[in-house]
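Structural characterization, general
Single-letter residue listing:
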Amino acid sequence: MERGAAVRRARRDGPRRRAAAEGARREDGDGGGGGGGGKKRGGRARALPEARGAALVLLYLLALRALVQLSHRRLLGPTGPAAPRDFSARRARGYLDNLTAIGPRTVGSPANEVLAVNYLLEQIRAIERESSDAHKVSVDIQRPTGSFSIDFLGGFTSYYANITNVVVKLEPRNGAEHAVLSNCHFDSVPNTPGASDDAVSCAVMLEILNTLSKSPEPLQHAVIFLFNGAEENILQASHGFITQHEWARSVRAFINLEAAGVGGKELVFQTGPENPWLVQAYVVAAKHPFASVVAQEIFQSGIIPADTDFRIYRDFGNVPGIDLAFIENGYIYHTKYDTSDRILTDSIQRAGDNILSVLKYLAMSDKLAKSFEYRHGNVVFFDVLGLYVLAYPARVGTIMNYITAAVAFLYLSKKVLQPKTRAVQNLKTLFTAFGLTLISWVCTLVTVLIVAVFISVIGRSLSWYSHFYVSVFLYGTAAAAKLILVHTLAKKFFYKNVNEQCLGDNFFDASLMIWSIALAVLTQMGLCSAFICTLWVAFPLLAKLMIHKEFSQKGTTLKFVMMYMLGVFVPYLYMMYLSWTVFEMFTPIMGRSGTEILPDVVLAGLIVVITMILSSYLINFIYLVKSTKTTLVTLTTVFVVTLVLVCSGIFFPYSSDAANPKPKRVFLQHTSRRFHDVDGNVVKSDSGIWINGFDYNGISHITPHVPEINDTIRTPCEEQAPFCGLPWILPVHFMFRKNWYLPAPEIFPRGPIQFKVLSKELMPWNSVRLNFEVSGPSHMSLYVRPHEGSALSTWSLGDGTPVASVGGDYFVFYSHGLQATPWHFWVELTAPEKHSDGIVSLAIAAHYFFGEDQKSPQLSALLERFPNWTFSSGWSCTYDLFVF
């Protein structure tokens, strides 16, 4: 009887228990979506008050930002007193001050070829005299001549003659078969002192040479210090060394010291190719590490219009290396403000400690002699708040990434398939949240980019250039508001009467799914930066698994929120840290990115991407709070007020603040042009001051100060001439399509260019070879355009194969040091039988960057009228076009 009663009770209570279990499952997030399961019925979870939720998220992000700021300050903070015989920043600063006191060191100028070289030799000889008996110091002055082609800036060919390298080899008394190279350059761009780029690196190298040479301990391998004198001429001196110097054959690895900013911390932004042992050497030896494989993949993608000697050693020397650059305060990079007093002594100490330690480690490493045995495989590397560097082989990273993605997909599959009877509904719920998340991101991106385009169209571009917070208030608030609005509308209309906890759980899973897919795709593409996705999958998933019971049992409590945010702390902190570095590098670049790129669109896009990433695992809070009205009103108010202020022009883009200048860059060339026909007659000539603004605003802000520079003098393109008949110093015409030409008197340089046709030879296969001789100033540009039906088949430059620039014309950059002989070259063209109008147009421009011919009285007078918030660099040039 008792067994029968028990059976009857089980039959009677069974449906009620199943219903209770089903309700529990719905509250745990197995249902919900599209008005389906998970509706609010009995046992409703406590929703998080909006004020508390918004405050928690804001405080969380502010705390992360404070930690990031603290880590960056620590990277620049005092490094402590140096031990005896260690690197002396004080002595290095003395080298720096003396080198920059010479002034601008343009290739070919006495300042660069004589004064800077003599100073370096004087210091090197003094170091040699005080060196230990354990070492041998050898010094060589190299003046190479050569030519090469490069695909930088759309592709061009470079030719150099008699430029200068100062080369020092520190080796054991008995010599060394292998060497590690340390490279800096002492030349600077015209009209700038070049303290950060790159005199400070040469000062650091001098002090490292001094420190190592005094050590009683002999090195296992040699250390070659290359002070190269022509890097700003697009990497010419490094090419001369690695392809022609006898010591180059012993180089097994290198460290290149560069700058993309003025002082600050030096970032390792390129390594290899392959050779993971080099990264491991940096990890072990560097005292203040700052490195990122993300920076490497961004730089090597070509997004940043810059290059370094790293490329030359890699491509022409087949040597692996490490590329470091100062990245702080890029606003004054390559300007007159790049002075030694702006570089902190702590920055010099930090760089010296790092480079000395790494160089010494490599010079004592057994792997250096057998570097080719360790060359295979890439490496994932990134620093953790400047404290230490994590590095592991890329193949290990690939395995870790796929395992992490597989675990995430397994978790999601288990969620979808429990219970099996609701698998279809659960799958629909997950993909609905997934789709809504993507839609919210797309809507946010489109909305913010529309705002950015509007700002650009009304002439208020770069309003944030001197006030970065303006971009956050304008584009950051717009992105956050749009994101919250889309999900608020979805919650109100699409997810009406659906359990908040269920929705929060669904959107967490959707974000996890997005990051898991991104992880798998980036890993499949072979990108080492996929480790970021690993952080965004592993830590949130681990946090979710740890606090899932707390979530389901007690509702949205403060304790749950704190535990949740603590669980996702690592990816959020690293992303804030990485974002800081990205904005520190990219924001100043927008001031020198040319007239064709909308900087507001670029920066707004970056801010939206960062907002989307940071919102990944915070979207679910939109569904957990009772309301988002106050948050939306606050964000919208900040956005509207900032938009009105930006449109009113209250935020001026540029700054002349002596302590922190952020100037507008303008280049002015007083130009005389002559166009010849096929018979050698001058068919057209003119003279004027050719003006190029380096950012999207062009000259709109300058016109009120110099009224004659306005849009009525926009430069017309000479269609029949290569590169529009304009004297480009580099082939950057595709970046600066808007420029201005102010009529001015003709100039007559004291050292005019001499251009001669030495011979014309008929070659087999309907080819013609033209031989030329050119003599002129230290910098010249050659432009070649074959006429229709003709083709440039070969020439005496580079490797003999002509490399066309963007647009199809050919560009040759020429420079020479002191006492260079005339430049001889030939071009060979295939030509049709009838060519009455010639087979090729060839133009030559001469650029006078220093000396008496640099600035005409008219150019000097115009430069003086420019406002003090500009960096206006001027020189004179001539342009001659010939038809053959």
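The structure we're discussing is the one just above.
Bear in mind that the values here come from a model prediction, so they are computed numbers and not experimental data. (Residues numbered from 1 in each chain as written. Predicted model: local features only at pLDDT ≥ 70, side-chain atom pairs only at ≥ 80, totals over all residues. Heavy atoms only, no water.)

1. Here we look at the overall build of the protein
Within the protein, the secondary structure is distributed over 22 helices and 22 strands. Expressed as a percentage of the 884 residues in the protein, the buried residues total 60%. Put simply, the protein shows about 35,300 Å² of open surface, and 60% of that area lies on carbon and sulfur atoms. (Helix = DSSP H or I, 4+ residues; strand = E, 2+ residues; numbered from the N terminus. Buried < 20%, exposed > 50% of the residue type's maximum accessible area, 1.4 Å probe, protein only. Areas by Shrake-Rupley, 256 points an atom, 1.4 Å probe, with all protein chains shown as cover.)

2. A look at the pattern of salt bridges
Applying the stated criterion across every chain, the model contains 26 salt bridges. By sharing partners, the salt bridges in this structure join Lys-415, Asp-505, Asp-509 and Lys-544 into a single network. (Salt bridge = Lys/Arg side-chain N within 4 Å of Asp/Glu carboxyl O.)

3. Side note on the packing of helix H3 (residues 89–100) against helix H5 (residues 195–214)
Two numbers describe how H3 lies on H5: the axes approach to 8 Å, and their chain directions differ by 135°. Between H3 and H5, the interaxial angle falls into the category oblique. Classified by chirality, the crossing of H5 by H3 is right-handed. Here Arg-91, Ala-92, Tyr-95, Leu-96, Leu-99 and Thr-100 of H3 lie close against H5, whose contacting residues are Ala-195, Ala-199, Val-200, Cys-202, Ala-203, Leu-206, Glu-207 and Asn-210. In terms of residue class, the contact of H3 with H5 is built from 10 nonpolar, two polar and two charged. (Axes fitted to C-alpha atoms, helices over the stretch in contact; angles between N-to-C directions. Parallel < 35°, antiparallel > 145°, perpendicular 65-115°, else oblique. Left-handed = near helix turned anticlockwise from the far one by under 90°. Contact = heavy atoms within 4.5 Å. Nonpolar A, V, L, I, M, F, W, Y, C, P; charged D, E, K, R; others polar.)

4. So, the sheet that holds strand S6 (residues 222–228)
Taking strand neighbours across the sheet as the criterion, the seven strands line up as S1-S4-S6-S5-S7-S9-S8 in an open arrangement whose pairing is mixed. Strands with a single pairing partner mark the edges of an open sheet, and in this sheet they are strand S1 (135–142) and strand S8 (266–272). On average, each strand axis in the sheet is inclined to that of its neighbour by 15°, with strand direction left out of account. (Pairing = 2+ DSSP bridges.)

5. A closer look at the layout of surface pockets
There is about 1,400 Å³ of room inside the second largest pocket. For the second largest pocket, the lining is made up of 47 residues, of which Ile-298, Ser-301, Ile-303, Phe-586 and Leu-606 are closest to its centre. Where the lining of the second largest pocket is concerned, the elements lending two or more residues are helix H8 (293–300), helix H9 (309–317), helix H15 (500–524), helix H16 (531–554), helix H18 (569–589) and helix H19 (599–615). When its residues are assigned to classes, the lining of the second largest pocket shows 34 nonpolar, eight polar and five charged. (1 Å grid on protein atoms, 1.4 Å probe; cavity = no way out; pocket = protein on both sides within 12 Å on 5 of 7 lines; lining within 4 Å. Points joined across faces, edges and corners; volume = space filled by probe spheres on them.)

6. Quick notes on the sheet that holds strand S18 (residues 791–795)
Strand order in the open sheet formed by four strands is S15-S16-S20-S18, and the pairing between neighbours is antiparallel. Each of the sheet's edge strands pairs with one partner strand only, and the pair in question is strand S15 (754–763) and S18. Across this sheet, the average inter-strand angle for adjacent strands is 25°, counted without regard to direction. Two elements, S18 and strand S20 (residues 823–830), share four bridges in a ladder whose sense is antiparallel. In the strand pairing of S20, Leu-792 is matched with Leu-829.

7. A word on the packing of aromatic side chains
In total, this model carries 50 aromatic pairs according to the counting rule given. Taken together, a centroid distance of 4.9 Å and an interplanar angle of 55° make the contact between Phe-254 and Tyr-313 tilted. Residue Phe-254 is found in strand S7 (residues 251–259), and its partner Tyr-313 is found in helix H9; the two are separated by 59 residues along the sequence. In terms of burial, Phe-254 and Tyr-313 fall into one category: buried. Three or more aromatic residues joined by ring pairs make a cluster, and in this case those are Tyr-159, Phe-755, Phe-772, Tyr-814, Trp-823, Phe-825, Phe-882 and Phe-884. For the cation-ring pair, Lys-662 lies above Tyr-331, with the distance from its terminal atom to the ring centre recorded as 4.5 Å. Here the guanidinium or amino end of Lys-684 rests over the ring plane of Phe-675, the centre of that ring lying 5.6 Å away. (Phe/Tyr/Trp six-rings, centres within 6.5 Å; stacked < 30°, edge-to-face > 60°. Lys NZ or Arg CZ within 6 Å of the ring centre and 35° of its normal.)

8. What to know about the environment of Lys-491
Topologically, Lys-491 is positioned in helix H14 (residues 468–494). With 131 residues separating them in the primary sequence, Lys-491 and Ile-622 have C-alpha atoms 8.5 Å apart. Not counting residues within four places of it along the chain, the set of residues in contact with Lys-491 comprises Lys-496, Ile-622, Tyr-623, Val-625 and Lys-626.

9. Topic: the pairing of strand S17 (residues 779–786)
Of all eight residues that make up S17, seven are buried, and the element is covered over most of its length. As judged from the six bridges shared by S17 and strand S19 (residues 810–816), these two strands associate in the antiparallel manner. Along S19, the bridge assignment pairs Met-780 with Tyr-814. Both S17 and strand S21 (residues 840–848) contribute to a ladder of eight bridges, which runs antiparallel.

10. Here we look at the state of the cysteines
A complete count under the given rule lists two disulfides for this structure. Two residues, Cys-184 and Cys-202, share a disulfide whose sulfurs are 2.3 Å apart. Every disulfide takes its handedness from the sign of the S-S torsion; for Cys-184 and Cys-202 that torsion is 105°, giving right-handed. Residue Cys-184 is located in strand S5 (residues 179–185), and its partner Cys-202 is located in helix H5; the two are separated by 18 residues in the primary sequence. On the accessibility criterion, Cys-184 (0% relative accessible area) is buried. Residue Cys-202 is classed as buried on the basis of its relative accessible area of 0%. Take the cysteines of the protein that form disulfides and number them in order along the sequence; they join up as 1-2, 3-4. (Disulfide = S-S within 2.5 Å.)

11. Considerations on H19
With 17 residues, H19 extends 24 Å from end C-alpha to end C-alpha; this agrees with the ideal 24 Å at 1.5 Å per step. With 13 of 17 residues buried, H19 is to be regarded as a mostly interior element. (Expected span 1.5 Å × (residues − 1).)

12. Some thoughts on unusual backbone geometry
Note that the residue after Asp-197, namely Asp-198, is joined by a cis bond; omega there is 15°. Checked against the element boundaries, Asp-198 lands in helix H5. For the bond running from Gly-272 to Pro-273, omega is 5°, close enough to zero to count as cis. In this fold, Pro-273 is placed in the loop between S8 and helix H7 (276–285). The phi angle at Asn-191 is positive, at roughly 70°, despite the residue not being glycine. Among the structural elements, Asn-191 can be located in the loop between S5 and H5. Positive phi outside glycine occurs at Gln-819, with the angle close to 55°. Owing to a relative accessible area of 79%, Gln-819 belongs among the exposed residues under this scheme.

Spatial relationships are all this shows, so hold off on functional conclusions.
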